[in-house]
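# Structure assessment
Below are the chains, spelled out letter by letter.
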Amino acid sequence: MKQVQFAIVGSGVGGLAVAYCLAKKGGKDILLLEQERVLGRHASGQNAGMIRQVIPNESIGRLAQEGALFLRTLPSEWKVTFRRTGSLLLAKGKEREILRRSGSSAEKQGLLLRWFSKREVIRRVPLLSGADFETALFCGTD
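Treat the numbers as computed from the prediction; the structure is a model and nothing was measured.

Reading the values: the criteria
Residues numbered from 1 in each chain as written. Predicted model: local features only at pLDDT ≥ 70, side-chain atom pairs only at ≥ 80, totals over all residues. Heavy atoms only, no water. Helix = DSSP H or I, 4+ residues; strand = E, 2+ residues; numbered from the N terminus. Rg over C-alpha atoms; globule rule 2.2 N^0.38 Å. Buried < 20%, exposed > 50% of the residue type's maximum accessible area, 1.4 Å probe, protein only. Contact = heavy atoms within 4.5 Å. Areas by Shrake-Rupley, 256 points an atom, 1.4 Å probe, with all protein chains shown as cover. Lys, Arg positive; Asp, Glu negative; His and termini not counted. Charge placed at Lys NZ, Arg CZ, Asp CG, Glu CD. Patch = residues over 30% accessible without salt bridge, like charges linked within 9 Å, V, L, I, M, F, W, Y side chains within 5 Å. Salt bridge = Lys/Arg side-chain N within 4 Å of Asp/Glu carboxyl O. Pairing = 2+ DSSP bridges. Polar contact = N/O pair within 3.5 Å; in protein donor to acceptor, adjacent residues only side chain to side chain.

Our focus in this paragraph is the overall build of the protein chain. When helices and strands are counted, the protein chain shows four helices and five strands. Listing the helices and strands of the protein chain from first to last along the sequence gives β-α-β-α-β-α-β-α-β. Here the C-alpha radius of gyration of the protein chain, 18 Å, is well above what a compact globule of 142 residues would show, namely 14 Å. Each of the 142 residues in the protein chain was classed as buried or not, and the buried ones make up 27%. Counted over contacts in the protein chain with a minimum sequence separation of 6, partners at least 24 positions apart contribute 59%. A total of about 10,200 Å² of accessible surface is found on the protein chain, and carbon and sulfur atoms cover 54% of it. In the protein chain, 23 positive and 13 negative side-chain charges are present, and the distance between their average locations comes to 4 Å.

A contiguous nonpolar surface patch, about 340 Å² in accessible area, is contributed by Val-4, Val-9, Leu-31 and Leu-33. With respect to the helices, strands and loops of the structure, Leu-33 is situated in strand 2 (residues 30–33).

Taken as a whole, this structure holds seven salt bridges when the rule is applied. Taking the shortest distance from any N to any O, the salt bridge between Glu-58 and Arg-62 comes out at 3.4 Å. Pair noted here: Glu-58 and Arg-62 are both in helix 2 (residues 58–72), with a separation of four residues, about one helical turn. Owing to a relative accessible area of 42%, Glu-58 belongs among the partly exposed residues under this scheme. On the basis of relative accessible area, Arg-62 is assigned to the partly exposed category, the value being 37%. Among the ionic contacts, a cluster of salt bridges with common partners joins Arg-114, Glu-120 and Arg-124.

On to the pairing of strand 3 (residues 87–91). Side chains of strand 3 alternate between two faces, with Ser-87, Leu-89 and Ala-91 buried and Leu-88 and Leu-90 left unburied. When strand 3 meets strand 5 (residues 135–139), the two strands line up antiparallel, connected through five bridges. Pairing of Ala-91 across the sheet is with Thr-135, part of strand 5.

Moving on, we get to the side chain of Gln-53. Position of Gln-53 among the secondary structure elements: in the loop between strand 2 and helix 2. Residue classification places Gln-53 among the buried residues on the basis of a relative accessible area of 1%. There is a polar contact of 2.8 Å between the side chain of Gln-53 and the side chain of Thr-141. Excluding its chain neighbours within four sequence positions, the residues that come into contact with Gln-53 are Gly-61, Ala-64, Gln-65, Ala-68, Arg-72, Leu-111, Cys-139, Thr-141 and Asp-142.

Keep in mind these values describe shape, not function.
Following this line, the structure appears as structure tokens:
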């Protein structure tokens, strides 16, 4: 069995970015393990194909913001484009306070966010008229 310096499991956006960065920094013998035939084909089950930057854990939020910045400024040799659509996070009850803290932390780190009342969200997205939420936070750079 051949020895490798780095083994990366998964060729989603994260795995491909790690492999790329390791190679750019001089990493040799990088093994990328993927069960699919096409690299980067499926979205992570954790993000639905989106990089969400407003996250309760501040350290992970910073990493997500760095990842989003990387994707907005991809190296020219990457022949990939990403579309920034933004995200609308809905909350009620105890989740409202978690979202407030997460949003406050993200704003301190430089993210531009916009809070919406339930009424304003429903006016903009009528499909959400039956949804059970009290407030919403929009992050346009997701």
